[in-house]
Amino acid sequence: MIKWLKRIYQEYFNSDPLQVLLLGTGALLVLLVLLALLYPFVRGAFELGLSYWGKDFIRLLLSIVGVLIVVFGNALILVYVERKVAGWMQLRIGPKEVGPSGLLQSIVDAIKLLGKQLLRPRYVDKPLYFLAPILIFIPCLVTMVVIPFDHNLQVRDINVGIVLILAFSALTPISIFMAGWGSANKYALLGGMRSISQEIAYEIPMVLSIIPVVMLSGTFSLKGIVEAQKIPFICLQPIGFLIYFISALAETNRTPFDLPEAESELVAGYHTEYSGMRFALFFLAEYTNVFIVCALATIFFLGGYKGPLLPGWVWFFIKTYILIFMMMWFRWTFPRVRFDQLLNFSWNFLIPLAMLNLAVTGALMKI
Amino acid sequence: MVSAKLLKDLQEMGVELQEVPYEKKGYCFDGQLEKDKLLQAVEAFDHYGYFIEDIVCVDYVENLELIYHFNHWEDPKRFSLRLRVNPEDPEVPSISPIYPGGGWHEREIHEFFGVSFKGHPNLSFLFLHPEIEYYPLRKIPVRIPEEKKKILQGKMPDLEEEAFWINMGPQHPSTHGVLRLFIKMRGEFVEEIEPVLGYMHRMQEKMAEMKSYMQYYPNTARLDYVGPLAFSMCYCGAMERLCEIEVPERAEMIRLITLELNRIASHLLWLGTYLLDLGAATPYFFAFQDREAILDILEGLTGSRLTYCYYRIGGLCEDLNDSFLKKVEEFIHRMKKNLKIYDDLVTGNAIFVARTKGIGLIDKEVARRFGLTGPNLRASGVAYDVRVSEPYAGYKFLRPKIALLEGGFCYERYLVRIKEIENSLNLLEEALKRLPDGPFRTEKKIKKPPVGDVYFATESPRGQVGIYIVSDGSEKPYRLKWRSPSFCNFISFTEIGKGMLIADAVATLGSLDLVVPEMDR
């Protein structure tokens with residue numbers, strides 16, 4: 001075990017003390033984030049003693065397993081669905097050989113990616129290069145914690161849930177930029193830079209389109225927002241929904257806003273130099289992000305888990321997957337916009353519109 | 001007439017041009033030049049709005065002959081200016097200050113023959129690799145001096161500058177093949193473009209000198225694998241002109257039908273890949289499905305799907321089979337319906353319009369100086385089409401309609417190609433009605449062509465294909481030179497691409513419809 005660790009250490013870091021220090025700092029940061037999240041549970045353990053500890057510990061374990069199942073299961077489903085949907089739209093069949101009508105295709109793909117060699121270009125900035133695929137995954141996992149899948153199916157209902165989600169999703173471009181900068185590739189660098197400016201430009205209309213929802217429901221808690229919806233907020237906030245959805249497309253780097261990884265311009269953008277499972281982590285993060293933004297749209301505008309007849313979580317997943325299907329539909333029908341057009345669209349059109357929407361909502365509520 | 005005025009001017013200069021029969025030679029005026037009068041004469045051509053077709057070099061052992069081909073859009077008469085150079089120390093003034101497009105042909109000659117051009121800004125190697133020892137097209141082996149083997153002229157990143165050099169290709173998704181562009185960028189803006197060709201270079205012109213005329217013929221389809229029939233037609237037409245062979249009318253009409261089918265297939269491939277360049281993946285499959293139908297039809301006729309070997313010198317390989325005409329009719333019907341679908345899906349798409357409208361301007365002046373031809377030129381508002389100006393094959397009997405648009409932006413280049421598909425479909429319909437009976441090839445058999453030279457031009461989906469053959473009466477060509485349209489279209493990109501966003505550069509490069517094997521030859 002120690003021998004193996006030593007080999008990995010030498011292979012990856014060549015025992016450069018500065019890089020070890022950087023890695024250590026990164027790890028510490030990750031630990032701090034985790035500790036901050038676990039704070040209520042730690043406090044509970046100190047205050048209430050061991051019985052609470054045991055109960056909460058099981059709850060924690062269960063929720064970690066649950067979140068991982070949702071993340072990986074969702075990615076497996078989405079890879080398959082994306083390929084099938086693309087197939088239907090492009091006059092072809094899509095995967096059909098592995099398993100009944102190709103259902104096992106994504107599992108086989110995952111195994112293939114696991115077995116692939118991890119190539120590393122010579123001049124990469126090693127700590128950044130290795131940390132980026134790991135760090136891009138943390139926001140996805142954390143955001144999952146606050147999403148209410150059903151009436152009682154939620155890892156933890158935090159009273160500032162929206163703030164937490166926005167704070168963590170704003171971390172994604174940092175890891176993308178780490179990947180772009182660290183891979184010592186000009187295409188990757190351009191992709192990383194595009195990602196930063198795109199994310200900044202679209203974070204604002206996204207937040208501005210959520211604020212009316214918060215105003216209407218009077219709470220930051222996601223469960224509270226769902227409970228506050230007598231009728232789905234999309235009826236009260238149609239413009240807000242559109243702005244949110246467009247910003248969400250840009251946030252998750254999906255076509256027509258997939259500029260950081262624009263294939264015909266930047267080869268593969270920020271993940272050009274990644275192979276095997278490192279690339280798969282970027283891929284996984286992308287699909288999880290797609291799921292999260294669609295889940296949030298469901299919660300904010302479509303009434304979340306509420307619905308007649310069927311159980312709540314079924315309604316939740318139905319609504320979310322309809323939105324995801326819409327995203328795929330866009331992806332396979334639209335060309336890509338140009339970079340300046342993308343930014344202009346946000347700054348000149350979406351942000352003023354969102355402001356107006358906010359003002360009108362406020363005025364109407366006052367009346 | 002422009003040509004009459006030009007002839008008068010040239011006469012005053014002391015350049016004598018003789019009129020030669022176009023039917024026999026493929027060019028109208030021919031004359032010898034002195035070295036010191038070259039620039040003056042070329043300036044006269046520039047003054048009257050001639051565009052440069054190509055520069056050919058032929059090694060006659062006792063001297064090297066440079067042949068400049070000029071042509072005019074409104075008054076299409078080909079001029080060939082000949083310039084004799086001493087093979088020991090070949091040096092010629094460069095015409096690149098007047099015709100920047102000519103500079104690229106000069107680079108090619110410098111590489112293959114060792115002619116140095118005085119005043120050329122960048123005489124580095126374009127196609128060949130630095131390990132090559134002899135000038136490939138010289139008849140007597142001449143060593144290449146070490147100092148002449150320059151690939152890129154020391155283009156290294158300058159640390160002081162904020163710009164950086166980026167390699168686009170040879171394995172880049174938007175270059176469709178192995179084209180390499182060395183681009184100087186400042187942020188997302190392109191500042192300078194330095195192309196490196198030759199990743200697909202096969203020295204087709206040397207191959208031709210090594211094989212007999214009929215042995216070389218299948219190679220013609222390997223130049224442009226998307227629209228190979230235009231190149232085959234060009235070769236066969238040149239040989240027919242050289243040997244004075246009359247081709248039966250039925251063969252000519254069948255040539256027209258297959259050429260037009262090939263043109264539609266090529267434009268469909270362009271449509272799919274261009275939209276892929278812009279980030280839309282789905283139209284690619286729709287376009288390829290229709291192209292597949294054409295390939296099926298042509299496979300039934302010629303036996304192959306991509307590199308056809310169907311035409312023969314003096315006719316065709318085989319007559320039509322029974323199902324061909326029915327299949328073509330079905331295809332026309334289907335394509336007309338699908339074209340409307342593409343129009344609905346693509347032409348009005350807001351993102352597509354925003355990406356292409358007003359992007360990548362090629363004005364007439366740039367087009368003329370670089371020798372642009374084909375749909376790229378017609379999108380700039382010039383009604384020049386070899387099918388009309390120098391009718392060959394079935395175009396002698398059926399005059400095609402020229403798709404013409406003013407503007408010269410990517411969007412117009414897209415519309416011109418869509419219009420051309422439409423026109424081709426109409427032409428096909430008419431040709432099917434007028435298909436005569438009779439033999440499908442001549443009875444005349446020829447072993448060796450007579451001594452002489454000949455030029456022949458056809459209109460490929462990408463522009464004017466030209467071939468210049470010099471025959472010394474043996475069974476192998478003495479010299480064969482291709483004018484490939486993609487090469488001439490591409491070199492203009494080094495000029496128009498400056499100052500663009502990288503995304504626009506990709507859109508413009510795609511709109512030029514390049515095929516790399518044809519460019520590299």
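What counts, and where the lines are drawn
Residues numbered from 1 in each chain as written. Chains lettered and ligands numbered in written order. Predicted model: local features only at pLDDT ≥ 70, side-chain atom pairs only at ≥ 80, totals over all residues. Heavy atoms only, no water. Helix = DSSP H or I, 4+ residues; strand = E, 2+ residues; numbered from the N terminus. Rg over C-alpha atoms; globule rule 2.2 N^0.38 Å. Buried < 20%, exposed > 50% of the residue type's maximum accessible area, 1.4 Å probe, protein only. 1 Å grid on protein atoms, 1.4 Å probe; cavity = no way out; pocket = protein on both sides within 12 Å on 5 of 7 lines; lining within 4 Å. Points joined across faces, edges and corners; volume = space filled by probe spheres on them. Nonpolar A, V, L, I, M, F, W, Y, C, P; charged D, E, K, R; others polar. Pairing = 2+ DSSP bridges. Axes fitted to C-alpha atoms, helices over the stretch in contact; angles between N-to-C directions. Contact = heavy atoms within 4.5 Å. Expected span 1.5 Å × (residues − 1). Arc of directions from axis to C-beta. Parallel < 35°, antiparallel > 145°, perpendicular 65-115°, else oblique. Left-handed = near helix turned anticlockwise from the far one by under 90°. Domains from an automatic or database assignment. Buried area = accessible area lost by both parts, 1.4 Å probe. Salt bridge = Lys/Arg side-chain N within 4 Å of Asp/Glu carboxyl O. Polar contact = N/O pair within 3.5 Å; in protein donor to acceptor, adjacent residues only side chain to side chain. pLDDT = per-residue confidence, 0-100.

1. Section: the overall build of chain A
Right, so step 1: Regarding its fold elements, chain A presents 17 helices and 0 strands.
Right, so step 2: By the compact-globule yardstick of 21 Å for 367 residues, chain A fits well, its C-alpha radius of gyration being 22 Å.
Right, so step 3: Over its C-alpha atoms, taken along the principal directions, chain A stretches across nearly 70 × 60 × 45 Å.
Right, so step 4: Classification of the 367 residues of chain A by burial places 49% in the buried group.

2. Re empty space enclosed by the protein
Residue and element names in this part refer to chain A.
Right, so step 1: Under the defined criterion, the tally for this structure stands at 6 cavities of 30 Å³ or more.
Right, so step 2: Roughly 160 Å³ of internal volume is contained in the largest cavity.
Right, so step 3: For the lining of the largest cavity, the secondary-structure elements that each account for two or more residues are helix H7 (137-146), helix H8 (161-169), helix H10 (186-217) and helix H15 (276-301).
Right, so step 4: A per-element tally of the lining of the largest cavity places H15 first, with 4 residues.
Right, so step 5: Residue composition of the lining of the largest cavity, grouped by class: 7 nonpolar, 5 polar and 2 charged.
Right, so step 6: The calculated volume of the second largest cavity comes to roughly 80 Å³.

3. Quick look at the sheet that holds strand E14 (residues 463-471) of chain B
Each strand in a sheet pairs with its neighbour through backbone hydrogen bonds, running either in the same direction (parallel) or in the opposite one (antiparallel).
Residues and elements named next belong to chain B.
Right, so step 1: Strand order in the open sheet formed by 3 strands is E13-E14-E15, with antiparallel pairing between adjacent strands. One side of each edge strand has no neighbouring strand; the edge strands of this open sheet are strand E13 (452-460) and strand E15 (477-483). Geometrically, the sheet is characterised by an average inter-axis angle of 15° between neighbouring strands, direction not taken into account.
Right, so step 2: Docked against the sheet, helix H7 (residues 228-243) engages E13, E14 and E15, running at close to 150° with respect to E13.

4. A few points about helix H1 (residues 2-13) of chain B
All names here are of chain B.
Right, so step 1: With 12 residues, H1 ought to run about 16 Å at 1.5 Å a step, and its terminal C-alpha atoms sit 17 Å apart, in line with that.
Right, so step 2: Of all the residues in H1, the buried ones are Ser-3, Leu-6, Leu-10 and Met-13. In an axial view of H1, the angular spread of the buried residues amounts to 75°, which keeps them on one side of the axis. Opposite the buried face of H1, at more than 90 degrees from it, the exposed residues are Lys-5, Lys-8 and Glu-12.
Right, so step 3: Lining the buried residues of H1 we find helix H3 (38-47) and strand E5 (79-85).
Right, so step 4: Positive phi shows up at Gly-14, right after H1, with a value of about 95°.

5. Some points on the packing of H15(A) against helix H16 (residues 312-333) of chain A
In a pair of packed helices, the angle between the axes and the distance between the axes together describe the arrangement.
Residue and element names in this part refer to chain A.
Right, so step 1: It is at 8 Å that the axes of H15 and H16 come closest, and there the two elements cross at 120°. Taken together, the axes of H15 and H16 lie oblique to each other. Crossing angle aside, the handedness with which H15 passes H16 is right-handed. Packed against H15, whose contacting residues are Glu-286, Val-290, Phe-291, Val-293, Cys-294, Ala-295, Ala-297, Thr-298 and Ile-299, the element H16 presents Phe-316, Phe-317, Lys-319, Thr-320, Tyr-321, Leu-323, Ile-324, Met-327 and Arg-331 at the interface.

6. A look at the domain arrangement of chain B
A common way to state how big an interface is: give the accessible area lost once the parts meet.
Residue and element names in this part refer to chain B.
Right, so step 1: Under the domain assignment used here, chain B contains domain 1 (2-143) and domain 2 (204-520).
Right, so step 2: Taken residue by residue, the interface counts 43 residues in domain 1 and 35 residues in domain 2.
Right, so step 3: Note on domain 1 versus domain 2: buried area summed over both sides is about 3,300 Å², and carbon and sulfur give 56% of it.
Right, so step 4: When the buried surface of domain 1 facing domain 2 is broken down by residue, Trp-73, Trp-104 and Leu-137 rank first, second and third, together holding 20% of it.
Right, so step 5: Linking domain 1 with domain 2 are 7 salt bridges.
Right, so step 6: Summed over the shared surface of domain 1 and domain 2, the number is 19 residue pairs in polar contact (both at pLDDT 80 or more).
Right, so step 7: Looking at the side of domain 1 that touches domain 2, the elements with two or more residues in it are helix H2 (22-25), strand E3 (51-59), strand E4 (64-71) and helix H4 (100-113).
Right, so step 8: Counting residues per element, the side of domain 1 that touches domain 2 draws most heavily on E3, which supplies 9 residues.
Right, so step 9: Among the residues forming the side of domain 1 that touches domain 2, the class breakdown is 23 nonpolar, 8 polar and 12 charged.

7. Some thoughts on the interface of chain B and chain A
Right, so step 1: Listed by partner, the interface residues are 33 residues for chain B and 24 residues for chain A.
Right, so step 2: The junction of chain B with chain A conceals about 2,500 Å² of combined surface from both sides, 61% of it contributed by carbon and sulfur atoms.
Right, so step 3: The tally of links between chain B and chain A comes to 7 residue pairs in polar contact (both at pLDDT 80 or more).
Right, so step 4: In terms of residue count, the dominant contributor to the side of chain B that touches chain A is strand E8 (residues 164-168) of chain B (5 residues).

8. With respect to the confidence of the model for chain B
Right, so step 1: Here chain B shows a mean pLDDT of 84. Residues at 70 or above account for 98%.
Right, so step 2: For this predicted complex, the interface score ipTM comes out at 0.76, alongside a pTM of 0.83.

9. Some remarks on H10(A)
Residue and element names in this part refer to chain A.
Right, so step 1: Spanning 32 residues, H10 covers 46 Å between terminal C-alpha atoms, matching the ideal 46 Å at 1.5 Å per step.
Right, so step 2: By the N-cap criterion, in which a side-chain oxygen at the helix start approaches the backbone nitrogen of a residue two or three places on, H10 is capped by Asn-185, the distance to Tyr-187 being 2.7 Å.
Right, so step 3: Positive backbone phi, at 75°, marks Gly-218, one or two positions downstream of H10.

10. So, the pairing of E13(B)
Residue and element names in this part refer to chain B.
Right, so step 1: In terms of residue burial, E13 counts as a mostly covered element, since 9 of its 9 residues are buried.
Right, so step 2: With burial as the criterion, each face of E13 is covered, one bearing Gly-452, Val-454, Phe-456, Thr-458 and Ser-460 and the other bearing Asp-453, Tyr-455, Ala-457 and Glu-459.
Right, so step 3: Two strands pair when backbone bridges link them, and E13 and E14 are joined in this way by 9 bridges, in the antiparallel orientation. Note that in E14 the partner of Tyr-455 across the bridge is Tyr-468.
Right, so step 4: The turn linking E13 back onto E14 is made up of 2 residues.

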